[in-house]
Amino acid sequence: MSLVNTVRNTLVPVHKEGYRFIAIFFVVSLVLGLLWEPLMWIGFLLTAWCAYFFRDPERMTPIDDDLVISPADGRVSSIAVVTPPDELGLGSTPMLRISVFMNVFNCHVNRAPMSGTVRRIAYRAGRFVNAELDKASHENERNGLVIETKHGEIGVVQIAGLVARRILCWTAQNAPLEAGERFGLIRFGSRLDVFLPEGAEPRVSVGQTAVAGETVLAEFGSAKGPVVSRRA
């Protein structure tokens, strides 16, 4: 039974949004195999990657209203104080922005960074430049959420990237969200921006790997100041 449990714990569930794409990859692989067998095996490898891309693992989220949890798997690409996008309606006062960049090998299920109520959802069409670039925050296609929390309103923005062509959001205006709860998904490479009001201190550094629903990005009400890290 221990072997069965090991296998069961190793296999990660696939999100239902991926079923259609996995099926398409698989059928195309079979068709390519009729033309030339090596193409079929290449297709099967891509099918396995597609299943891996749409994985949806369980996460252990810290329960603390003062913590801001990463909404995405990926690399912390930017920590800056900037003006939030106009469509969020958060005003013109600069806010702390922490960006997490997702490549095509990261899990792309997005999770709420804090518990609260969704007060606004704002979609904006745009370009598809590299999501790692700073200008992607204002030029790319994106979908923004404003969540009312214990510490005020925060912004969470799903940003399409160079490869991404589809942003999915499953929550609704005035819906409650728990920290770590799934609220959306972006297909094939993208970025998440979190905009935080005064009082939030970063708990990560640029270049650090973040895990959605688990990694603490920032903290409210702490006198410790920004985190200092070194590369080991």
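What counts and how
Residue positions within a chain follow its written sequence, with the count starting from 1. Where local features are concerned, this predicted model is filtered to residues with pLDDT of at least 70; where side-chain atom pairs are given and counted, the filter is 80 or more; whole-chain, interface and lining totals use all residues. Just so you know, side-chain values use all the structure's heavy atoms and leave hydrogens and water out. UniProt positions are given in the numbering used here, feature names are shortened, and annotations may be inferred rather than shown by experiment. Stacked, tilted and edge-to-face pairs are distinguished by plane angle, under 30 degrees for stacked and over 60 for edge-to-face with tilted covering the rest, among Phe, Tyr and Trp rings (Trp via its six-membered ring) whose centres lie within 6.5 Å. Secondary structure counts use DSSP, requiring at least four H or I residues in a row for a helix and at least two E residues in a row for a strand, with both numbered from the N terminus. Any residue under 20% of the maximum accessible area for its type is buried, any over 50% is exposed, and the rest in between are partly exposed; the area is computed with a 1.4 Å probe on protein chains only. Residues belong to one nonpolar core when they are buried, are Ala, Val, Leu, Ile, Met, Phe, Trp, Tyr or Cys, and are joined through side-chain atoms within 4.5 Å. Every residue pair with non-hydrogen atoms within 4.5 Å of one another is taken to be in contact. At least two DSSP bridges between two strands are needed for those strands to be called paired. As a rule, the C-alpha atoms of each element are fitted with a line to give its axis, helices using only the stretch in contact, and angles between N-to-C directions run from 0 to 180 degrees. Roughly parallel means an angle under 35 degrees; roughly antiparallel, over 145; roughly perpendicular, 65 to 115; everything else is oblique. Residues were grouped as follows: Ala, Val, Leu, Ile, Met, Phe, Trp, Tyr, Cys and Pro as nonpolar; Asp, Glu, Lys and Arg as charged; and all remaining residues, including Gly, as polar. What a helix should span is 1.5 Å times the count of its residues minus one. Arc, as used here, means the arc of the directions from the helix axis to the C-beta atoms.

As annotated in an unreviewed UniProt entry, the protein carries the name Phosphatidylserine decarboxylase proenzyme and is attributed to Sinorhizobium garamanticum. The UniProt entry for the protein carries the following comment under Pathway (unreviewed entry): "Phospholipid metabolism; phosphatidylethanolamine biosynthesis; phosphatidylethanolamine from CDP-diacylglycerol: step 2/2." Here is the UniProt Subunit (unreviewed entry) comment for the protein, exactly as written: "Heterodimer of a large membrane-associated beta subunit and a small pyruvoyl-containing alpha subunit."

Caption draft 1: Representation of the packing of aromatic side chains in the model. On inspection of all chains with the given rule, the structure shows two aromatic pairs. Measuring from ring centre to ring centre gives 5.7 Å for Phe 26 and Phe 44, while their planes differ by 15°; the resulting arrangement is stacked. In this pair, Phe 26 is assigned in helix 2 (residues 19-35) and Phe 44 in helix 3 (residues 37-53), connecting sequence segments 18 residues apart. Of the residues examined, Phe 44 reaches a relative accessible area of 23% and is grouped as partly exposed. For the pair Trp 41 and Phe 44, a centre-to-centre distance of 5.6 Å together with 85° between the ring planes defines the contact as edge-to-face. Of this pair, Trp 41 and Phe 44 both sit in helix 3, three residues apart, roughly one helical turn.

Caption draft 2: Structural context of the nonpolar core. In this structure, Val 68, Ile 98, Leu 177, Leu 192, Leu 196 and Leu 217 are the most contacted members of the largest nonpolar core, which totals 28 residues. Within the residue set of this core, elements represented by two or more residues are strand 3 (95-102), strand 6 (142-149), strand 7 (152-160), strand 10 (182-186), strand 11 (190-196) and strand 14 (216-220). Among the elements that line this core, the one with the most residues is strand 3, at four residues. Those residues in contact with Val 68, other than ones at most four positions away along the chain, are Pro 113, Met 114, Val 194, Leu 196, Thr 215, Val 216, Leu 217, Ala 218 and Phe 220.

Caption draft 3: Structural context of the UniProt feature "active site" (unreviewed entry) in the protein. Those places that UniProt annotates as "active site" (unreviewed entry) correspond, in this numbering, to Ser 190. Residue placement: Ser 190 occurs in strand 11.

Caption draft 4: Just the environment of Ile 69, in detail. Tracing the chain through its elements places Ile 69 in strand 1 (residues 67-69). Taking the C-alpha atoms as reference, Ile 69 lies 7.1 Å from Gly 180; in sequence the two are 111 residues apart.

Caption draft 5: Focus on unusual backbone geometry. Even without glycine at this site, Asn 174 takes up a positive phi of about 70°. One can find Asn 174 in the loop between strand 8 (167-169) and strand 9 (176-177).

Caption draft 6: Structural detail: the pairing of strand 6. The buried count for strand 6 comes to seven of eight residues, which makes it a mostly enclosed element. Alignment of strand 6 against strand 7, held across eight bridges, turns out to be antiparallel. Opposite Val 146, over in strand 7, you have Gly 155 as the bridge partner. Where strand 6 folds back on strand 7, the antiparallel hairpin that results is connected by two residues.

Caption draft 7: Geometry of the sheet that holds strand 8. If you walk across this open sheet you meet the three strands as 4-10-8, and the pairing is antiparallel. Each edge of the sheet is formed by a strand with only one pairing partner; in this case those strands are strand 4 (109-111) and strand 8. Strand-to-strand, the axes of this sheet are offset by a mean angle of 25°, without reference to chain direction. Alignment of strand 4 against strand 10, held across three bridges, turns out to be antiparallel.

Caption draft 8: Geometry of the packing of helix 2 against helix 3. The contact between helix 2 and helix 3 brings their axes to 7 Å, and the two run at 170°. With respect to helix 3, the element helix 2 is oriented roughly antiparallel. Together, Phe 21, Ile 22, Phe 25, Phe 26, Ser 29, Leu 30, Leu 32 and Gly 33 of helix 2 and Glu 37, Leu 39, Met 40, Gly 43, Phe 44, Leu 46, Thr 47, Trp 49, Cys 50 and Ala 51 of helix 3 make up the contact between the two elements. When the residues that make up the contact of helix 2 with helix 3 are grouped by side-chain class, the tally is 13 nonpolar, four polar and one charged.

Caption draft 9: Region of the structure containing helix 3. An ideal rise of 1.5 Å per residue puts 24 Å on 17 residues; helix 3 measures up with 25 Å between its terminal C-alpha atoms. Those residues of helix 3 that sit buried are Met 40, Gly 43, Thr 47, Cys 50 and Phe 53. Buried positions in helix 3, seen along its axis, are confined to an arc of 125° and lie on one side of it.

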